[in-house]
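# Structural description and commentary
This is what each chain is made of:
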Amino acid sequence: MQHPETRPAPPDPASALTALVEDAIPLLQVAAAPSHVLWVVELAPTEHVAYVSPSFERMWGRPVRALYADCSEWIRGVHPDDRTRVRAAFEHWSADPTRRRYDVEFRVVRPDGREHWIHDTGHAVLSPEGELQRLTGIAEDITERHQLEDTLRDRQRYFRNMAETLSQLVWATRPDGYTEYLSPQWVRYTGVPAEDQLGDGWLMQIHPDDRPAVARAWQMAVRTGTPYAVEMRIRRHDGADRWFMARGRPLRTANGEIRHWFGTSTDIDDLKRANDELARQRDRVAIIAATSPSVVHSLHLHRDGRYTVPFGAQRMADLYGVRVDLLETDCREAMADRIHPEDALGMSESIAESATRLTPWRREFRVRHPEHGDVWVEAHSMPVREPDGSTVWHGTLTDVTERHRSEARMLALNADLESRVEARTSELQTAVRDLEAFSYSVSHDLRAPLRAIDGFSKVVAQEFGGQLPEAGRRYLNIIRDSARKMGQLIDDLLAFARLGRQALTRHPVDTALLVREALNTLSPMQQGRDIDIRVGVLPRSDCDPAMLRQVWINLLSNALKYTRQCPSARVEVGFDGTEFYVRDNGAGFDMKYAHKLFHVFERLHRAEEFEGTGVGLAIVQRILERHGGAIRAESVPGEGTTFSFHLGVTETVS
């Protein structure tokens, strides 16, 4: 297809074709094809286009006659961007066609603007003498192939871009398993260049312990053409090993032949660790459930009304005395038959309410066990709504039979104890009545002789005192003094006895007023003495006023009595924030005898030194105990004593 400077008149096409029939029968078959243009350029006697098949007009959109008239017509139809390249290739070949090759692809632009892709090849034809005789060639329309290739390339770019945006590591292999593609994610993860991992180089990134199994699984999949799935650890660029799930599938042709393998490796390390931890948690829960005294269980109410026990079925079956398989299929009737009729009332309603409102279910009931008889069960469970709308209760069932038996024994014991208490109370009431009678008897029967002794002694002293010798008068005074002491002792004993029976009426009172009243009562003990009495700020007291007044009288009289031998007596009354106190600088006592101080008739000093009956402090302690309080003493012999006390809650008086 040259375009020489001088162009001879074209020969008749029919004549030229007849001359070439014997040489070009195979080419004539091609010439008839609609997508191929057969062209022939004769070189002798002058170079000219000898033949162009009719398909030229379809592919170039130009008439064949124009090409016969001007052999450069075909180059004018080549796309401007390809024209220079195509002309240079043709001229280079035609200059020495026996040694050079002409094989080029280019675009043709038809007059209507449509483009066709052309694949043009040329061949040199020699004469029998070995001289170059003509040039022939075939121009093939490859537009559809180019379109398919463009489409394929677009799809390849699409799938490659898609693969490279996935979080998984993507890979592809040939049918024989040879790895020919690893995604950038794989390369970034491993930190090893892709070319070093092609073929079976990727296996070197697999953990050594996993590598043999992974290789066997991959070889088996390639050999059998079955999908590939295996878990493995892949070494990361920083040396860490993470678990991946590798999955691969073959891409087959229409006739089932494998063309490629495509696959992904998904990082499941976090999931695997979570699953491992979940498995450990399940094991721990199972151990706890197995060793717990309660039956840890799950009860599943399905949407079709069935009840099953997905967890704790064996221990629950033992508790109810039923077969375990019934709990794993539908246990509604099996469990209902075991519930005691008296306890079954309302149970279904309470379960339905718990399921509807998702509120905790708590109940105690009896299970009629076929071997152990009635077993008391305490149930605690919490319902959870499942995604499918069913309900699962998670909770415990505890055998509380022994507790119920203990409660029954306790009730029986309490009843017996109450009976004994009633009997004992009756005896005590009788004893109290007898004591009261005795008290009145003492008060009447003992006082009468004492009054007689004191009265007649007084008459004797007054009327016959002058006739008695000194010793007789002294004896008579001893008799009278002893009678008075006996009377005081009787009064103190009666007062102490009455404290246990006297009703306690508490209300807030002015403590300072009670102290002043007590001091006024004891004014005779203060006459003629040098006594410094100090009363500090005292808070109000919640007490029985009469009883607390007696406390102050007894404590202050005690202080006044035991400071009698002090030239300058000092008595201090105060409150230290928690306790009231009465402090003196009197005789004091040895603290090793403090445990006797508040006992009836116990005295720490001789009667010749300090008078008394030994009942006053016992009365103080009894009054404070009735108020729920207490008293204590601190003392140093010769330096004085401090009594401290506090009041407590109200005592109920029966």
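Look up: the structure comes first, before these words.
First, a word on what this report is: a plain description of the structure on this page. (Residues numbered from 1 in each chain as written. Predicted model: local features only at pLDDT ≥ 70, side-chain atom pairs only at ≥ 80, totals over all residues. Heavy atoms only, no water.)

### Re the packing of aromatic side chains
Taken as a whole and judged by the stated rule, the model has 19 aromatic pairs. Pairing tryptophan 361 with phenylalanine 365 gives two aromatic rings, centres 6.4 Å apart and planes at 40 degrees, and the pair type is tilted. Its relative accessible area of 1% is what places phenylalanine 365 among the buried residues. Three or more aromatic residues joined by ring pairs make a cluster, and in this case those are Trp39, Phe56, Trp60, Trp74, Phe90, Trp93, Tyr102 and Phe106. Across the ring face of tryptophan 243, the terminal group of lysine 272 is positioned such that the distance to the ring centre comes to 4.6 Å. (Phe/Tyr/Trp six-rings, centres within 6.5 Å; stacked < 30°, edge-to-face > 60°. Buried < 20%, exposed > 50% of the residue type's maximum accessible area, 1.4 Å probe, protein only. Lys NZ or Arg CZ within 6 Å of the ring centre and 35° of its normal.)

### Side note on the pattern of salt bridges
Counted according to the given criterion, the structure contains 42 salt bridges. Measuring nitrogen to oxygen at the nearest pair gives 2.8 Å for the salt bridge that ties aspartate 267 to arginine 242. Here arginine 242 lies in strand β9 (residues 241–252) and aspartate 267 lies in strand β10 (residues 258–267), a separation of 25 residues in the sequence. Given a relative accessible area of 36%, aspartate 267 falls into the partly exposed group. By sharing partners, the salt bridges in this structure join Arg242, Asp267, Asp269, Asp270 and Arg273 into a single network. (Salt bridge = Lys/Arg side-chain N within 4 Å of Asp/Glu carboxyl O. Helix = DSSP H or I, 4+ residues; strand = E, 2+ residues; numbered from the N terminus.)

### A word on the sheet that holds strand β4 (residues 115–126)
Two strands in a sheet stick together by hydrogen bonds in their backbones, pointing the same way (parallel) or opposite ways (antiparallel). On the basis of which strands lie adjacent, the open sheet formed by five strands has the order β2-β1-β5-β4-β3 and antiparallel pairing. Whereas interior strands pair on both sides, the edge strands pair on one side only; in this sheet they are β2 (48–52) and β3 (102–109). The sheet shows a mean angle of 25 degrees between the axes of neighbouring strands, direction not considered. As paired strands, β3 and β4 are joined by eight bridges and run antiparallel to one another. Looking across to β4, one finds that glutamate 105 is bridged to histidine 119. Packed on one face of the sheet, helix α6 (residues 80–95) meets β1 (36–42), β3, β4 and β5 (132–141) and runs near 150 degrees to β3. (Pairing = 2+ DSSP bridges. Axes fitted to C-alpha atoms, helices over the stretch in contact; angles between N-to-C directions. Contact = heavy atoms within 4.5 Å.)

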